[in-house]
Amino acid sequence: MAKIHVSTTINGEPTEFLCDPADTVLDTLRDTLGLTGSKEGCGSGDCGACSITIDGRLVCSCLVLAAEADGHEIETIEGMAGSDHLHPLQRKFLETAALQCGICTPGFLMAAKSLLEKNPDPTETEVRYWLAGNLCRCTGYDKIVRAVMETAAEMREGAR
Amino acid sequence: MNDQSHKWIGKRTIRPDGADKVTGRAAYAADATMPGMVWGKVLRSPHPHAVIKSIDTSKAEALPGVKAVATAADFVDFPVDTPVPLGIQDMRWMSRNMLAKEKVLFHGHPIAAVAATSEEIAAEACALIEVDYDVLPFAIEIDDALAKDAPILHDFIEFEGRKSNIAGTLEHKLGDVEAGFAEADVIVERSFTTKPVHQGYIETHACVVSVAPDDRTTIWSSSQGQFMVRAMTAYLTGIPQSHIKAIPAEIGGGFGGKTIVYLEPVATILSKKSGRPVKMVMTREEVMRATGPTSGSKSTVKIGAKKDGTIVAGQGTFYLQAGCLPGSPIRGAAGCAFAPYDIKNVHSFGYDVVSNRSKVAAYRAPGAPIGAFAVECVLDEVAEKLGMDPLKLRLKNAAKEGTKAAHGPTFPRIGYAETVEEALNSTHYKTPLTGKYQGRGVASGFWFNAGGESSAQVNITEDGNVVVTTGHPDIGGSRASIANITAELLGIDYDQVSVQIGDTATIGYSNLTGGSRVLFASAMVVTESTEQVIEQLKGRAAKIWGIDPSQVVWENGEARPMGEHSANFPSMSLEELAAKANATGGPIGAGSQSNTVGAEGGFATHVCDVEVDVDLGIVRVIRYTCFQDVGRAIHPSYVEGQLQGGMAQGIGWALNEEYIYDKNGRVDNPGFLDYRMPVCSDLPMLDCGIIEIPNPKHPQGVRGVGEVPLVPGPAAVRNAVYDALGIRIDDLPLSPPSVLAAIDANSRQAAE
């Protein structure tokens, strides 16, 4: 079957690619574009390791067809840090050891960033339910939740 | 411990691999590619039990895009009557688990593999492979496998003189249990079952392998041991170990499940046959059907105690599922179950039972949570019958220095009693529960811990920094701890130390990341290497100053002359000595290799509060604390991380995780939606009571930390549910349907 031509914006860069009709955004990011920061843990939208945003909306990139990305803006983990500075969430994850093996970390960071953009002052319960679509088997979530809460507090302080 | 004498040990430093992991740079196995790479896929059995009469791969081979097809016939043969042990594994079983030989033994059992230019073509080719089966009756559960007329998986296994699915036994005996029970005022006996649970790592198994025409092989894979990958691949393919370079990719979780190979030898043969690098990545469904899990079990435990709470006898029988080939962790169940206690009379018996399920793999303190579940639940009832606080019962009988354990050793200084005391004195334990259906449970646990082979190389760079290379995949932050230790010993800044995990061609043999051994063992060889480096540095300074090396001290990252020379020369920093290295004798660096001993066991005590929704049967953990003797917390954050991860896994095992089989012998829940691991909204904060009783046999006092925190979990949760409901549920998991059924049965009984 003929490949589909897709024009999109990824992390601010205009990006074109060809994909098969059955390719997911995750397949394309990882195998075609070399953006392997998004991970595949399940391929069924249950683990959140492939979390990205499309037009600002948090999605599992394994559940979106690559062809559907045409004309849309994608943000991935690779776009989160600047060349000389980490995003406050990334920094806080490191300071508080909110990662162990790290395979779920890109997904958690994308999900947490999306949460704080919508809700800069989440309660612990709100953080836990927002992140309930991201599986972590190493940490028991304790340090992740704390990192998100602490980052939110610091970002609110910084915005004041 | 709040030891202020250390600058880096005990500090919460930023892990060396951290920035890579929060930016998506860290390269896991599935992130690797090679030029000319093709994709490998596996054909899996549609039957749980069948004889393979023939395999015809001709149609698959003829499909355009297919580059190679492999079956068991392409690999080294390991006859069933000749054991070939490798670590705790046996290549007879590893080879048959990797690709079925005479029979398929579970639904999903690999039969053949294809390499093709795309994953889709490889999958299509797998479907074209024709396998002629003689389908056999199957057994899934332990009782089915032990039934009189059970289908026998392996003709070569005999037990008590006849063909059987009992593949092995293990017995620990101490004293005389019959005499012990005769002294008891209270005896409790109860039987339990636990379901198999998967390790649940988020990264599926993956590898990329390239074999050159001269058999020189490069393997990039995610495992808990690159040397294990090299050895098993060499055994199974016949390629010598010296020709195989196994590169440890970052590993996305293992918990024991990546201590064996599934894909690497298959990709190696596909690469050898196709002349192309081969990439293989399992789907989550393949992981759930055909890797891990740990054993399901049934067990019976009997404990007798005197009125004053002295436990006089303990007896346990543990049947563990091995999956389709021998090798369940009966040692962990039978060996660890009674180990926290000083009991004079113990008899513990384990049975290894094969059935038509995927072969079990190690899972965090393999077998120990199964043994602890039974013993700790029975102890809860013993305490109730004696009218004693369950923690005080444990404290009264706590194993301590000099206690002879049933599994063999006499304990040195251990911190078990301290974990119970800390729990007893904790705010958590003293805070009353408030809700009607709230309950509190406690449980303890033990894990052997391990030492074993490790290698390290410590090199001083030309600009005066330090590169440490070790040989174990870092699964939970061990690089940060090794950097803490190296910086401490050298008296330099943490940021001057880089820690690398070497491939099999770069660093000496290092055993698996497993058994809670990595920091224990690698700290020993890193310490030895660093001490040698310090001696070299002192020697170099002595040479420059023209004095005897014995007149030089190394302090705060500097060589300093002492005694009569102390005022004659200014001290020299690492940077200055490194700059002069070539003039004073060449590069500065040292390596050490050792078979480390002295790991000593680890103990933990958990306190769990739950609240039960009696209408829906949902158990919610509302507070949880783990008290554990960690020896010395080199990096407290990652010690806490191990404890918290273990607690969460224990809660999952207790409440929701289980393999569900359909009537055709197939796993019915092979994905994260239906195999229900704890998610963020299921759990409270997980509190840690870190107790530091330094291991006297380790230079920094390290004890293994990673596995014990899973051991008490299932029992602590179950005992809490009993406290909440007054119903003792003896079968895991305590999932909503099972809890509701227990509540209903209880109210029916009350009404009758």
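Residues numbered from 1 in each chain as written. Chains lettered and ligands numbered in written order. Predicted model: local features only at pLDDT ≥ 70, side-chain atom pairs only at ≥ 80, totals over all residues. Heavy atoms only, no water.

1. Observations concerning the overall build of chain B
Per the secondary structure count, chain B includes 20 helices and 30 strands. A globule of 752 residues ought to have a C-alpha radius of gyration of about 27 Å, and chain B, at 27 Å, matches this closely. Along the longest, intermediate and shortest principal axes, the C-alpha atoms of chain B span 95 × 75 × 50 Å. Residue burial in chain B is summarised as follows: out of 752 residues, 64% are buried. Considering only residue pairs separated by 6 or more positions, chain B has 79% of its internal contacts joining residues 24 or more positions apart. (Helix = DSSP H or I, 4+ residues; strand = E, 2+ residues; numbered from the N terminus. Rg over C-alpha atoms; globule rule 2.2 N^0.38 Å. Buried < 20%, exposed > 50% of the residue type's maximum accessible area, 1.4 Å probe, protein only. Contact = heavy atoms within 4.5 Å.)

2. Considering the interface of chain A and chain B
On the side of chain B, 52 residues touch chain A, which itself brings 43 residues to the contact. Both sides of the chain A and chain B interface together cover about 3,900 Å² of buried area, and 59% of this is carbon and sulfur. Three residues stand out in chain A for area buried against chain B, namely Leu94, Gln100 and Arg137 of chain A, and they jointly supply 22% of the buried area on that side. Summed over the shared surface of chain A and chain B, the number is 4 salt bridges. (Buried area = accessible area lost by both parts, 1.4 Å probe. Salt bridge = Lys/Arg side-chain N within 4 Å of Asp/Glu carboxyl O.)

3. Details of the packing of helix α2 (residues 88–95) of chain A against helix α5 (residues 142–159) of chain A
Residues and elements named next belong to chain A. The N-to-C vectors of α2 and α5 enclose an angle of 135°; their axes lie 9 Å apart at closest approach. Classified by the angle between their axes, α2 and α5 sit oblique to one another. At the point where α2 passes α5, the crossing takes the right-handed sense. Here α2 contributes Pro88, Leu89, Arg91, Lys92 and Phe93 to the contact with α5, which in turn contributes Ile144, Ala147, Val148, Glu150, Thr151, Glu154 and Met155. Of the residues belonging to the contact of α2 with α5, the class tally is 7 nonpolar, 1 polar and 4 charged. (Axes fitted to C-alpha atoms, helices over the stretch in contact; angles between N-to-C directions. Parallel < 35°, antiparallel > 145°, perpendicular 65-115°, else oblique. Left-handed = near helix turned anticlockwise from the far one by under 90°. Nonpolar A, V, L, I, M, F, W, Y, C, P; charged D, E, K, R; others polar.)

4. Considering the environment of Val526 of chain B
Residues and elements named next belong to chain B. Its location among the elements puts Val526 in helix α16 (residues 518–545). What makes Val526 buried here is its relative accessible area of 1%. Taking C-alpha positions, Val526 is 23 Å from Gly641, a pair spaced 115 residues apart along the chain. In this structure Val526 touches Ala456, Val458, Val468, Thr470, Ile482 and Thr486, once residues within four positions along its chain are discounted.

5. Description of the domain arrangement of chain B
How big an interface is tends to be stated in terms of the accessible area lost upon association of its parts. Residues and elements named next belong to chain B. Domain parsing of chain B yields domain 1 (32–136 + 203–252 + 258–290), domain 2 (297–449 + 600–751) and domain 3 (451–594). Summarising the inter-unit geometry, the C-alpha centres of domain 1 and domain 3 are found 40 Å apart. At the junction of the two partners, domain 1 supplies 15 residues and domain 3 supplies 17 residues. Both sides together, the interface formed by domain 1 and domain 3 hides about 1,200 Å², and carbon and sulfur atoms give 62% of it. Looking only at domain 1, the three residues that lose the most surface to domain 3 are Gln224, Gln226 and Phe227, adding up to 46% of its buried area. The interface formed by domain 1 and domain 3 includes 1 salt bridge. Ionic pairing is found between Glu250 and Arg479, a salt bridge with its closest N-O pair at 2.9 Å. (Domains from an automatic or database assignment.)

6. Some words on helix α7 (residues 226–237) of chain B
A turn of α-helix holds 3.6 residues, and therefore any two residues three or four places apart point the same way. Residues and elements named next belong to chain B. In this model, α7 (12 residues) spans 16 Å end to end at C-alpha, consistent with the 16 Å of a helix rising 1.5 Å per residue. What α7 keeps buried is the set Gln226, Phe227, Met228, Val229, Arg230, Ala231, Met232, Thr233, Ala234, Leu236 and Thr237. Two residues or fewer after α7 comes Gly238, characterised by a positive phi angle close to 85°. (Expected span 1.5 Å × (residues − 1).)

7. With respect to the side chain of His107 of chain B
With respect to the secondary-structure elements, His107 of chain B resides in the loop between β6 (103–104) and β7 (110–116). Not counting residues up to four positions away in its chain, the partners in contact with His107 of chain B are Ser45, Pro46, His47, Pro48, Arg289, Gly665 and Arg666 of chain B.

8. Concerning the pairing of strand β30 (residues 686–691) of chain B
Regular strands place their side chains on alternate faces of the sheet. Residues and elements named next belong to chain B. Looking at chain direction, strand β29 (residues 618–629) and β30 are connected through 6 bridges and run parallel. Bridge pairing in β30 links Phe627 to Gly689. The parallel pair β29 and β30, bridged by helix α18 (residues 636–655), forms a crossover whose chirality is right-handed. (Pairing = 2+ DSSP bridges. Right-handed = clockwise from strand over helix to strand, strands pointing away.)

9. So, the environment of Lys344 of chain B
Residue and element names in this part refer to chain B. Locating Lys344 in the fold gives a position in the loop between α10 (330–336) and β19 (346–354). Lys344 has contacts with Leu174 and Gly175, leaving out every residue within four places of it along the chain. Polar contacts involving the side chain of Lys344 include one to the side chain of Asp342, which spans 2.9 Å. (Polar contact = N/O pair within 3.5 Å; in protein donor to acceptor, adjacent residues only side chain to side chain.)

10. Considerations on the sheet that holds strand β18 (residues 311–323) of chain B
Residues and elements named next belong to chain B. Spatially, 5 strands are ordered β11-β19-β18-β17-β12 in an open sheet, and the strand pairing comes out mixed. The two strands at the open ends of the sheet, each matched to only one other strand, are β11 (166–174) and β12 (186–194). Geometrically, the sheet is characterised by an average inter-axis angle of 10° between neighbouring strands, direction not taken into account.

11. With respect to the domain arrangement of chain A
All names here are of chain A. One can read the domain layout of chain A as domain 1 (4–79) and domain 2 (88–159). The C-alpha-based centres of domain 1 and domain 2 are spaced at 22 Å. With both chains or domains summed, domain 1 and domain 2 bury close to 1,000 Å², and 64% of this area falls on carbon and sulfur atoms. Counting every contact that joins domain 1 to domain 2 gives 0 salt bridges. Across the domain 1-domain 2 interface, the total number found is 3 residue pairs in polar contact (both at pLDDT 80 or more).

12. A look at the layout of surface pockets
Summary: where empty space remains is shown by rolling a probe the size of a single water molecule over the atoms. Space inside the second largest pocket adds up to approximately 1,300 Å³. Taken together, 47 residues line the second largest pocket, and the ones lying closest to its centre are Asp27 and Asp31 of chain A together with Trp39, Glu119 and Glu120 of chain B. Counting only elements with at least two residues in the lining of the second largest pocket, the list comes to α1 (25–32) of chain A together with β1 (38–44), α4 (119–128), β16 (278–281) and α9 (284–290) of chain B. The element contributing the most residues to the lining of the second largest pocket is α1 of chain A, with 6 residues. (1 Å grid on protein atoms, 1.4 Å probe; cavity = no way out; pocket = protein on both sides within 12 Å on 5 of 7 lines; lining within 4 Å. Points joined across faces, edges and corners; volume = space filled by probe spheres on them.)

13. Points about the pattern of salt bridges
Residue and element names in this part refer to chain B. Scanning the model with the defined rule gives 56 salt bridges over all chains in all. One salt bridge connects Glu381 with Lys385, and the closest N-O pair in it is separated by 3.7 Å. Of this pair, Glu381 and Lys385 both sit in helix α11 (residues 368–386), 4 residues apart, roughly one helical turn. Among the residues examined, Glu381 registers a relative accessible area of 9% and is labelled buried. Taken together, the shared-partner salt bridges connect Arg190, Asp380, Glu381, Glu384, Lys385, Arg718, Arg728 and Asp730 into one network.

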